[in-house]
Amino acid sequence: SGDRSDSRGALVVLEGLDRCGKTTQSNKLHKYLEGLGHSAELWRFPDRTTSVGQMISSYLSNQSQLDDRAIHLLFSANRWEKRTLMESKLKSGTTIIVDRYSYSGVAFSSAKGLDMDWCKAPEIGLLAPDLVLYLEIPPEKAAERGGYGGERYEHLEFQKKVSKSYQALHDASWKVINFSFVDMALKKL
Ligand code: NYM
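Sequence order as written defines residue numbering, which begins from 1 separately in each chain. Local features in this predicted model are restricted to residues whose pLDDT is 70 or higher, and side-chain atom pairs enter the listing and the counts only when it is 80 or higher, whereas totals over whole chains, interfaces and linings include all residues. Side-chain numbers here rest on the full set of heavy atoms in the structure, without hydrogens or water.

Caption draft 1: Structural view of the pattern of salt bridges. A carboxyl oxygen of Asp or Glu within 4 Å of a side-chain nitrogen of Lys or Arg is what we treat as a salt bridge. Considering all chains together, one arrives at 13 salt bridges under this definition. Among the ionic pairs, Glu 41 bridges to Lys 89, the shortest N-O distance being 2.8 Å. Taken together, the positions of Glu 41 in strand 2 (residues 40-44) and Lys 89 in helix 4 (residues 83-91) put the pair 48 residues apart, joining distant regions of the chain. In this structure, the salt-bridge partner of Lys 160 is Glu 140, at a minimum N-O distance of 4.0 Å. Of this pair, Lys 160 sits in helix 8 (residues 156-169) while Glu 140 sits in helix 7 (residues 139-144), and the two are 20 residues apart along the sequence. Burial here depends on accessible area, computed with a 1.4 Å probe over protein chains only, as a share of the maximum for the residue type. Under 20% is buried, over 50% is exposed, and the range in between is partly exposed. A residue is classified by how much of its surface remains accessible, and Lys 160, at 28% relative accessible area, is partly exposed. Among the charged side chains, a salt-bridge network with shared partners connects Lys 22, Arg 44 and Asp 99. Every helix listed is a DSSP run of H or I at least four residues long, and every strand listed is a run of E at least two residues long, numbered separately from the N terminus.

Next up, the structure:
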């Protein structure tokens with residue numbers, strides 16, 4: 001129709017608990033879109049390559065201690081520092097698939113007991129996703145998959161709290177993909 005939005009790329013966000021299969025699914029979606037001839041990039045947050053990202057990485061691997069609000073703001077800053085690049089890629093027609101975004105920021109920090117509205121505030125003004133795919137898995141199932149990497153947050157009791165936070169954030173626009181469906185689809189491949 002000649003509408004400018006037709007040539008804009010889409011911002012597709014994958015969310016879920018640790019070990020829900022997001023990374024695998026993001027990779028598949030990326031390959032699939034490229035296979036169709038779309039220009040697509042796979043991003044992830046935290047982006048550990050920046051200096052803010054390195055602070056986050058060191059916190060997650062327990063090499064440093066940070067106040068809960070300070071680390072929350074670093075996760076947010078890590079998204080802000082990529083905003084301009086994200087916007088220009090989308091405008092130039094590249095679709096960006098993101099493994100975790102603002103919802104992770106709010107879900108994980110509020111699971112520590114921080115006020116949810118306080119957690120949301122620094123996310124205001126970041127680019128809104130066109131599609132949110134939530135990979136739903138019971139925390140117990142995710143824990144059974146093993147391979148929790150031993151980073152901060154990667155234990156069952158905390159993941160149960162994160163799951164509750166995600167439920168509070170969840171709105172009708174999210175597409176929820178149940179883990180048993182993904183398992184089934186993978187077996188058919
Ligand atoms: N995480 C991730 C947060 O606590 N806040 C955020 O804003 C983001 C993007 O970091 N346990 C948490 C969720 C994960 C951890 O993510 C590292 P990953 O996808 O394992 O690299």
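Caption draft 2: Summary view of the pairing of strand 3 (residues 95-99). Across the five residues of strand 3, five count as buried, placing the element largely inside the fold. On strand 3, burial covers both faces: Thr 95, Ile 97 and Asp 99 on one face and Ile 96 and Val 98 on the other are all buried. By the convention used here, strands pair only if DSSP detects at least 2 bridges between them. With four bridges joining them, strand 1 (residues 11-16) and strand 3 adopt parallel strand pairing. Across the sheet, residue Val 13 finds its bridge partner in strand 3, namely Val 98. By the bridge criterion, five bridges tie strand 2 to strand 3 in an arrangement that is parallel. Within the sheet, the bridge partner assigned to Arg 44 lies in strand 3 and is Asp 99.

Caption draft 3: Local environment of the packing of aromatic side chains. Between 30 and 60 degrees the pair is tilted, below 30 it is stacked and above 60 it is edge-to-face, where a pair is any two Phe, Tyr or Trp rings, Trp via its six-membered ring, whose centres lie within 6.5 Å. For the structure shown, the criterion picks out nine aromatic pairs. When the centroid spacing of 5.6 Å and the interplanar angle of 45° are considered together, the rings of Phe 108 and Tyr 153 count as tilted. One end of the pair, Phe 108, is in helix 5 (residues 102-110); the other, Tyr 153, is in the loop between helix 7 and helix 8, and 45 residues separate them in sequence. For Phe 108, a relative accessible area of 8% puts it in the buried group. Both rings, one in Tyr 134 and one in Trp 174, keep their centres 5.5 Å apart while their planes meet at 40°; by these two values the pair is tilted. Taken together, the residues Tyr 134 in strand 4 (residues 131-136) and Trp 174 in the loop between helix 8 and strand 5 (175-178) connect sequence positions 40 residues apart. Of the two residues, Tyr 134 and Trp 174, neither departs from the other in class, the shared state being buried. One aromatic cluster is present, formed by Tyr 59, Phe 108, Tyr 153 and Phe 158 through successive ring pairs. The ring of Trp 118 carries Arg 69 above its face, with NZ or CZ at 5.4 Å from the centroid. Either the NZ atom of lysine or the CZ atom of arginine qualifies as a charge over a ring when it sits within 6 Å of the ring centre and within 35 degrees of the ring normal. The aromatic ring of Tyr 59 is capped on one face by Arg 152, whose charged end is 3.7 Å from the ring centroid.

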